[in-house]
Amino acid sequence: MEPYKLLDLIDERLCGSDCSDKDRKVLEVLKNSIDENGNNIMFIGKLKEHFDKGSLIY
């Protein structure tokens, strides 16, 4: 994922009224660590068994 796309998604989540204080803190730290002009970002991990794969962003 390109950094600027991730930053846009983080901003959208931070603007949401349902963003908890705990999520807000984590997202702010993550946002401040991302260089918009840096390399692409790849997330590696397990998906939940009943995860809706249609909601993935490529």
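Residues numbered from 1 in each chain as written. Predicted model: local features only at pLDDT ≥ 70, side-chain atom pairs only at ≥ 80, totals over all residues. Heavy atoms only, no water.

Draft legend 1. The arrangement of the overall build of the chain in detail. The number of helices and strands found in the chain is two helices and zero strands. Here the chain holds 58 residues, and the buried ones make up 16% of them. Within the chain, counting contacts between residues at least 6 apart in sequence, those at least 24 apart form 57% of the total. Total accessible area computed for the chain in this model is approximately 5200 Å², and 53% of it derives from carbon and sulfur atoms. (Helix = DSSP H or I, 4+ residues; strand = E, 2+ residues; numbered from the N terminus. Buried < 20%, exposed > 50% of the residue type's maximum accessible area, 1.4 Å probe, protein only. Contact = heavy atoms within 4.5 Å. Areas by Shrake-Rupley, 256 points an atom, 1.4 Å probe, with all protein chains shown as cover.)

Draft legend 2. Representation of the pattern of salt bridges within the structure. In total, this model carries three salt bridges according to the counting rule given. Asp 23 serves as the salt-bridge partner of Arg 13, at 3.3 Å between the closest nitrogen and oxygen. One end of the pair, Arg 13, is in helix H1 (residues 3-15); the other, Asp 23, is in helix H2 (residues 21-33), and ten residues separate them in sequence. Under the relative-accessibility criterion, Asp 23 is labelled partly exposed at 32%. (Salt bridge = Lys/Arg side-chain N within 4 Å of Asp/Glu carboxyl O.)

Draft legend 3. Main features of a negative patch on the surface. On the surface, Asp 8, Glu 12, Asp 35 and Glu 36 cluster together to form a negatively charged patch. Relative to the elements of secondary structure, Glu 12 occurs in helix H1. With a relative accessible area of 58%, Glu 12 lands in the exposed category. (Patch = residues over 30% accessible without salt bridge, like charges linked within 9 Å, V, L, I, M, F, W, Y side chains within 5 Å. Lys, Arg positive; Asp, Glu negative; His and termini not counted. Charge placed at Lys NZ, Arg CZ, Asp CG, Glu CD.)

Draft legend 4. A look at the nonpolar core. Grouped together as the largest cluster of nonpolar side chains are seven residues: Leu 6, Leu 7, Ile 10, Leu 14, Cys 19, Leu 27 and Ile 34. Take this core: its biggest share by element is four residues, from H1. The contacts of Ile 10, once residues within four sequence positions are left out, are Leu 27, Leu 30, Lys 31 and Ile 34. (Core = buried A, V, L, I, M, F, W, Y, C linked by side-chain atoms within 4.5 Å.)

Draft legend 5. Spotlight on H2. The end-to-end C-alpha separation of H2 is 19 Å, in line with the 18 Å expected for 13 residues at 1.5 Å each. Here H2 lies mainly on the outside; one of its 13 residues are buried. (Expected span 1.5 Å × (residues − 1).)

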